[in-house]
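Each chain is listed here by its residues.
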Amino acid sequence: MNVPYFLRLLCLCLASFFVVNAFAGLGAALASRAAVRMAATMRARTAALFLFVVRLLPFALGIGVVLVLCVPSYLWLEPQATAERVGWACLTLGLLGALGLLLSFARTARAVAASARCNRLWQKAGSEIRLAGEPSQTVIVDEEGPLLALAGVFRPQLVVSNGVLRALSADELKVALQHENAHRVSRDNLKRLFLLLAPGPIPFLASFSSLDRSWAKFSEWAADDEAAARDPLRGLSLAAALLRVARMGAGPRLNSLHASLVAGDDDLSARVDRLLRVQPAGPVPPPRARGRAFGVGLGIAACLAILLGWPPILSSVHRLLELFVH
Ligand SMILES: [Zn+2]
């Protein structure tokens, strides 16, 4: 099929993205059980970060290969012919790549719109006040249901119902708000957006559900740990707050871009159990300055090696793409 220069580049980019994302994504999906087992041996915050990286790596590799290798090698080495042939294999892979990206963009757009609609309603119906000890305004919604959540992706805001304010004691409320603030500091709602945005390896095949569930679990555990701050009394207050909010029954339906205090009953007993076993803080280990310096040195060496080998890398990539296109 004869197609103009830039359409050919677009097809090549989508096809390359699909191939890299599919291979790396299937690898990540196959390794997900081992990754979750490995995460279980780490601190909750490290485990959440590790699973987030495993989940996002195929998408990042796909985008990286397109931006760093495909586009520069094509623009630099491909003659500006008016029309060139594109093989059916490349066209099919390009269409699959476009389909995967469109599906994940549509899913993300739906979630962003639903979250924005929900936040607007809460802001309209509720009142903004600054609760004691809170760095920013909290939206108080006149509702009896169990609502205590962090809403919004880029400028997240705490939303609490009057029912929760009445049900929790001052200590329980304070530590519950600290749990939500831990989600804010680690930008968990933004991470949720990236998880929605990154397509699976094959369109319509849910390959990452176990990684997504485990990431959500460890990010809840991490926020619990940061709110409890290795203080057994705070752990106890947070466990009591979780149980009280869970006993209030079903709350308003939150979407995947909201971080709620009690996201579901599945993990509730494990969270309460962990909080009841919070140990007092021990001595703080010294920072690992030598390891960090070694990492920085390794990064600089890798960048230099890539810069020196750049022209031969691009021409090899171009030869590979020529084979791929025809
Ligand atoms: Zn939470």
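Reading guide: rules and limits
- Residues numbered from 1 in each chain as written.
- Predicted model: local features only at pLDDT ≥ 70, side-chain atom pairs only at ≥ 80, totals over all residues.
- Helix = DSSP H or I, 4+ residues; strand = E, 2+ residues; numbered from the N terminus.
- Buried ≥ 20, exposed ≤ 12 C-beta atoms within 10 Å, placed from the backbone.
- Contact = placed C-beta atoms within 7 Å.
- Core = buried A, V, L, I, M, F, W, Y, C linked by C-beta atoms within 7 Å.
- Expected span 1.5 Å × (residues − 1).
- Arc of directions from axis to C-beta.
- Pairing = 2+ DSSP bridges.
- Axes fitted to C-alpha atoms, helices over the stretch in contact; angles between N-to-C directions.
- Parallel < 35°, antiparallel > 145°, perpendicular 65-115°, else oblique.
- Left-handed = near helix turned anticlockwise from the far one by under 90°.

Participant: Even after reading the chapter, I still don't get the overall build of the protein, so can you show me in this structure?
Facilitator: Looking only at helices and strands, one finds 12 helices and seven strands in the protein. Based on the C-alpha atoms only, the size of the protein along its principal axes is roughly 70 × 50 × 35 Å. Among the 326 residues that make up the protein, the fraction classed as buried is 35%. The contacts in the protein between residues at least 6 apart in sequence include a share of 77% that link residues at least 24 apart.

Participant: I'm lost on the nonpolar core in this one. Help?
Facilitator: The nonpolar side chains of a soluble globular protein tend to be buried with one another. Leu 51, Val 159, Ala 176, Phe 218 and Leu 238 are the most contacted members of the largest nonpolar core, which totals 51 residues. If one sorts the elements of this core by residue count, helix α8 (residues 209-228) sits on top with nine residues. Other than its neighbours up to four places away in sequence, Leu 238 contacts Val 175, Ala 176, His 179, Asp 224, Ala 227, Ala 228 and Leu 275. Val 20, Cys 70, Tyr 74 and Leu 93 belong to the second-largest nonpolar core, a separate cluster that totals 14 residues.

Participant: Just to check I follow, could you spell out α8 for this structure?
Facilitator: Helical geometry: 3.6 residues make up each α-helical turn, so side chains three or four residues apart lie on a common side. For α8, spanning 20 residues, the distance from its first C-alpha to its last is 29 Å, which sits close to the expected 28 Å at 1.5 Å a residue. Among the 20 residues of α8, 15 are classified as buried, and the element is accordingly described as predominantly covered. Just beyond α8, the residue with positive phi is Ala 229, at close to 45°.

Participant: What is the right way to read helix α7 (residues 188-197) from this model?
Facilitator: Taken together, the buried positions of α7 are occupied by Asp 188, Asn 189, Lys 191, Arg 192 and Leu 195. End-on, the buried residues of α7 take up no more than an arc of 155°, which puts them together on one face. In this fold, the buried residues of α7 make contact with α3 (44-77), β5 (148-151), α6 (170-185), α8 and β7 (259-260).

Participant: Looking at this structure, how should I read the pairing of strand β4 (residues 138-141)?
Facilitator: Every regular strand shows the same layout, with side chains that alternate between the two sheet faces. Relative to β4, strand β3 (residues 127-129) runs antiparallel, the two sharing three bridges. What sits directly across from Glu 128, in β4, is Val 139. With four bridges joining them, β4 and strand β6 (residues 157-161) adopt parallel strand pairing. Bridge pairing in β6 links Val 141 to Ser 161.

Participant: Explanation requested: unusual backbone geometry in the structure shown.
Facilitator: Negative phi values dominate among residues other than glycine, just as trans dominates among peptide bonds. For Arg 187, which is not a glycine, the phi torsion comes out positive at approximately 50°. Mapping Arg 187 onto the fold places it in the loop between α6 and α7. Positive phi is not limited to glycine here, since Phe 204 has a value of about 70°. For Phe 204, the position within the fold is in the loop between α7 and α8. Residue classification places Phe 204 among the exposed positions, given that 8 C-beta atoms sit within 10 Å.

Participant: What is the right way to read the sheet that holds β6 from this model?
Facilitator: In a beta sheet, neighbouring strands pair by backbone hydrogen bonds and run either parallel or antiparallel. In spatial order, the strands read β3-β4-β6-β5-β7; together these five strands make up an open sheet with mixed pairing. Taken across any chain shown, the strands that pair with only one partner, and hence form the sheet edges, are β3 and β7.

Participant: Where do I start with the environment of Leu 236 in this structure?
Facilitator: Along the chain, the position of Leu 236 falls in helix α9 (residues 232-247). The partly exposed category is assigned to Leu 236, around which 18 C-beta atoms lie within 10 Å. Expressed as a C-alpha distance, the spacing of Leu 236 and Met 38, which sit 198 residues apart in the sequence, is 28 Å.

Participant: What exactly am I supposed to notice about the packing of α6 against α8 here?
Facilitator: To characterise two packed helices, one gives the angle between the axes of the helices and the distance between these axes. Close contact between α6 and α8 brings their axes to 8 Å; oriented N to C, the two are set at 125°. Classified by the interaxial angle, the pair formed by α6 and α8 is oblique. Two packed elements cross with a definite hand, and for α6 against α8 that hand is right-handed. Facing α6, whose interface residues are Val 175, Gln 178, His 179, Ala 182 and His 183, α8 presents Ala 222, Ala 223, Asp 224, Glu 226 and Ala 227.

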